[in-house]
Protein chains: 2
Amino acid sequence: MKVIAIVGYHNSGKTTLVERLCKELKKRGLRVGYIKHDPKGHGITDKEGSDTDRVFKVADRVALASPEKTTLWDRRGDDPIEIAREFFQGFDVVILEGYKGLREVPKVAVGEVEAENVVLKVEGTDEVGHIIELLERMEDNL
Amino acid sequence: MKVIAIVGYHNSGKTTLVERLCKELKKRGLRVGYIKHDPKGHGITDKEGSDTDRVFKVADRVALASPEKTTLWDRRGDDPIEIAREFFQGFDVVILEGYKGLREVPKVAVGEVEAENVVLKVEGTDEVGHIIELLERMEDNL
């Protein structure tokens, strides 16, 4: 599995870049995952008082099984390496968004941003090709 | 892993029973999971237009990593056995809510309800003890 992170300031186009990157990688037949960092816990991913919300307070792991998707809630920290190990086994590429300070994962910086271990700087969302080349050259790092 | 399902009509107290059951099982030091069936796909588990919602449309699996919890979205059907195999490895007990027609999982019926493979009928949410006894007698079925 190859794990890279896309970093950049708010509104720099990180998610648009990730969308384009996913599409290109999917065209190549790869299994692609994405882990978005939510360091302040602002993400609301369930309705307060729903059955899954209630049971998540007392169980270790909860899933909502819908025909088109499964949503899973797990009680753990936000370490993307642990998450990738537990939940993305068998994936070809896992793209992180955020995690500027995480040294062990190579970074693609969108615009000017300070981050650990930046291996590629891109200026905008059109530079997907350069990230694909980077991934092709890269060895599995997880 | 022991897998059982709690079935019953709407408002029969299934989720309250599951909450009490989880608390009792956690007191015994067990790792407890819960899979809620959402056959009509009514569950909304992300904000439309959020980064994770956008990328889920183009990736195979997406996670939001918050300090207190990780939310994972996966593209698969609602078969609870497949979900348990993929996402609940190492769990002691996985409680399903719903899945009345799923023959291979033993059921606890709350009140009068028609379901496949009912092994215990309970009348209300106070009968957690009987379900605990059932689980203690049961062999791993997954």
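Quick note: structure is the one above.
Heads up: these notes are all about the structure in this document. (Residues numbered from 1 in each chain as written. Chains lettered and ligands numbered in written order. Predicted model: local features only at pLDDT ≥ 70, side-chain atom pairs only at ≥ 80, totals over all residues. Heavy atoms only, no water.)

**With respect to the overall build of chain A**
Reasoning step 1: Tallying secondary structure elements over chain A gives 4 helices and 7 strands in all.
Reasoning step 2: For chain A, the N- to C-terminal ordering of α and β elements is β-α-β-α-β-β-α-β-β-β-α.
Reasoning step 3: For chain A, the residues scored as buried account for 56% of the 142 residues in total.
Reasoning step 4: The contacts of chain A with a sequence gap of at least 6 include a subset with a gap of at least 24, amounting to 59%.
Reasoning step 5: Summed over all atoms, the accessible surface of chain A reaches about 6800 Å², with 46% contributed by carbon and sulfur.
Reasoning step 6: When the 23 positive and 27 negative side-chain charges of chain A are each reduced to one mean point, those points stand 2 Å apart. (Helix = DSSP H or I, 4+ residues; strand = E, 2+ residues; numbered from the N terminus. Buried < 20%, exposed > 50% of the residue type's maximum accessible area, 1.4 Å probe, protein only. Contact = heavy atoms within 4.5 Å. Areas by Shrake-Rupley, 256 points an atom, 1.4 Å probe, with all protein chains shown as cover. Lys, Arg positive; Asp, Glu negative; His and termini not counted. Charge placed at Lys NZ, Arg CZ, Asp CG, Glu CD.)

**Describing the interface of chain A and chain B**
Reasoning step 1: Each partner contributes residues to the interface: chain A has 54 residues there, and chain B has 54 residues.
Reasoning step 2: Counting every contact that joins chain A to chain B gives 6 salt bridges.
Reasoning step 3: A salt bridge links aspartate 51 of chain B to lysine 36 of chain A; its shortest N-O distance comes to 2.5 Å.
Reasoning step 4: At the junction of chain A and chain B, the tally comes to 31 residue pairs in polar contact (both at pLDDT 80 or more).
Reasoning step 5: Looking at the side of chain A that touches chain B, the elements with two or more residues in it are helix 1 (14-27), strand 2 (32-37), helix 2 (51-56), strand 3 (61-65), strand 4 (70-74) and helix 3 (80-87) of chain A. (Salt bridge = Lys/Arg side-chain N within 4 Å of Asp/Glu carboxyl O. Polar contact = N/O pair within 3.5 Å; in protein donor to acceptor, adjacent residues only side chain to side chain.)

**Digging into the nonpolar core**
Reasoning step 1: Of all hydrophobic cores here, the largest spans 36 residues; its most connected members are Ile35, Phe88 and Leu96 of chain A together with Ile35, Phe88 and Leu96 of chain B.
Reasoning step 2: Sorting the residues of this core by element identifies strand 1 (2-8), strand 3, helix 3 and strand 5 (93-97) of chain A together with strand 1 (2-8), strand 3 (61-65), helix 3 (80-87) and strand 5 (93-97) of chain B as the ones contributing at least two each.
Reasoning step 3: Dropping the residues within four chain positions of it, leucine 96 of chain A is found in contact with Val3, Ile4, Ala5, Ile6, Ile35, Pro80, Leu102 and Val105 of chain A. (Core = buried A, V, L, I, M, F, W, Y, C linked by side-chain atoms within 4.5 Å.)

**Overview of the relation of the copies chain A and chain B**
Reasoning step 1: Expressed as a screw operation, the relation of chain A to chain B combines 0.0 Å of axial shift with a rotation of 180°, fitting to an RMSD of 0.0 Å. Seen this way, the second copy is the image of the first under a two-fold rotation axis.
Reasoning step 2: Looking at chain A, 100% of its interface residues are interface residues in chain B too, so the copies touch through the same face. (Least-squares fit on C-alpha atoms with pLDDT ≥ 70 in both.)

**Re the packing of aromatic side chains**
Reasoning step 1: Counted by the stated rule, this structure contains 3 aromatic pairs over all chains.
Reasoning step 2: With a centroid separation of 6.3 Å and an interplanar angle of 45°, the aromatic rings of phenylalanine 87 of chain A and phenylalanine 87 of chain B are classed as tilted. Separated into two different chains, phenylalanine 87 of chain A in helix 3 and phenylalanine 87 of chain B in helix 3 make up a pair that spans both. Side by side, phenylalanine 87 of chain A and phenylalanine 87 of chain B carry an identical accessibility label, which is buried.
Reasoning step 3: In this structure, arginine 75 of chain A is placed above the aromatic ring of phenylalanine 56 of chain A, and the distance from its NZ or CZ to the ring centre is 4.1 Å. (Phe/Tyr/Trp six-rings, centres within 6.5 Å; stacked < 30°, edge-to-face > 60°. Lys NZ or Arg CZ within 6 Å of the ring centre and 35° of its normal.)

**A short note on the environment of glutamate 112 of chain A**
All names here are of chain A.
Reasoning step 1: Along the chain, glutamate 112 turns up in the loop between strand 6 (107-110) and strand 7 (118-122).
Reasoning step 2: Take glutamate 112: its relative accessible area is 57%, and that puts it in the exposed class.
Reasoning step 3: Considering only alpha carbons, one finds glutamate 112 and serine 12, 100 residues apart in sequence, at a separation of 9.4 Å.

**Remarks on the side chain of aspartate 51 of chain A**
Reasoning step 1: Topologically, aspartate 51 of chain A is positioned in helix 2.
Reasoning step 2: Excluding its chain neighbours within four sequence positions, the residues that come into contact with aspartate 51 of chain A are Thr15, Tyr34, Lys36 and Glu97 of chain B.

**Some thoughts on the side chain of threonine 45 of chain A**
Reasoning step 1: For threonine 45 of chain A, the location among the structural elements is in the loop between strand 2 and helix 2.
Reasoning step 2: Here threonine 45 of chain A falls in the buried class, since its relative accessible area comes to 1%.
Reasoning step 3: Within the local environment of threonine 45 of chain A, its side chain forms a polar contact with the side chain of tryptophan 73 of chain A, the two groups lying 3.0 Å apart.
Reasoning step 4: What threonine 45 of chain A contacts, discounting residues up to four positions off in sequence, is Trp73 of chain A together with Thr45, Leu64, Lys69, Thr71 and Trp73 of chain B.

**Points about the environment of threonine 45 of chain B**
Reasoning step 1: For the pair threonine 45 of chain B and lysine 69 of chain B, spaced 24 residues apart in sequence, the C-alpha separation works out to 14 Å.
Reasoning step 2: When sequence neighbours within four positions are dropped, the list of residues in contact with threonine 45 of chain B reads Thr45, Leu64, Lys69, Thr71 and Trp73 of chain A together with Trp73 of chain B.
Reasoning step 3: Within the structure, the side chain of threonine 45 of chain B is placed 2.9 Å from the side chain of threonine 71 of chain A, a separation counted as a polar contact.

**A word on helix 3 of chain A**
Residue and element names in this part refer to chain A.
Reasoning step 1: Inspection of helix 3 places Pro80, Ile81, Ile83, Ala84 and Phe87 among the buried residues, and these make up the whole buried set. Down the axis of helix 3, the smallest arc covering the buried residues is 165°, so these residues share one side.
Reasoning step 2: Put simply, aspartate 79 is the residue that caps the front of helix 3, since its side-chain oxygen is 2.8 Å from the backbone nitrogen of isoleucine 81. (Arc of directions from axis to C-beta.)

**As for unusual backbone geometry**
Residues and elements named next belong to chain B.
Reasoning step 1: Located in the positive-phi region is asparagine 11, a residue other than glycine, with phi close to 65°.
Reasoning step 2: Its location among the elements puts asparagine 11 in the loop between strand 1 and helix 1 (14-27).
Reasoning step 3: Relative accessible area serves as the criterion here: at 75%, asparagine 11 is assigned to the exposed category.
Reasoning step 4: Although it is not a glycine, tyrosine 99 adopts a positive phi angle of roughly 65°.

The analysis is restricted to geometry; functional conclusions fall outside its scope.
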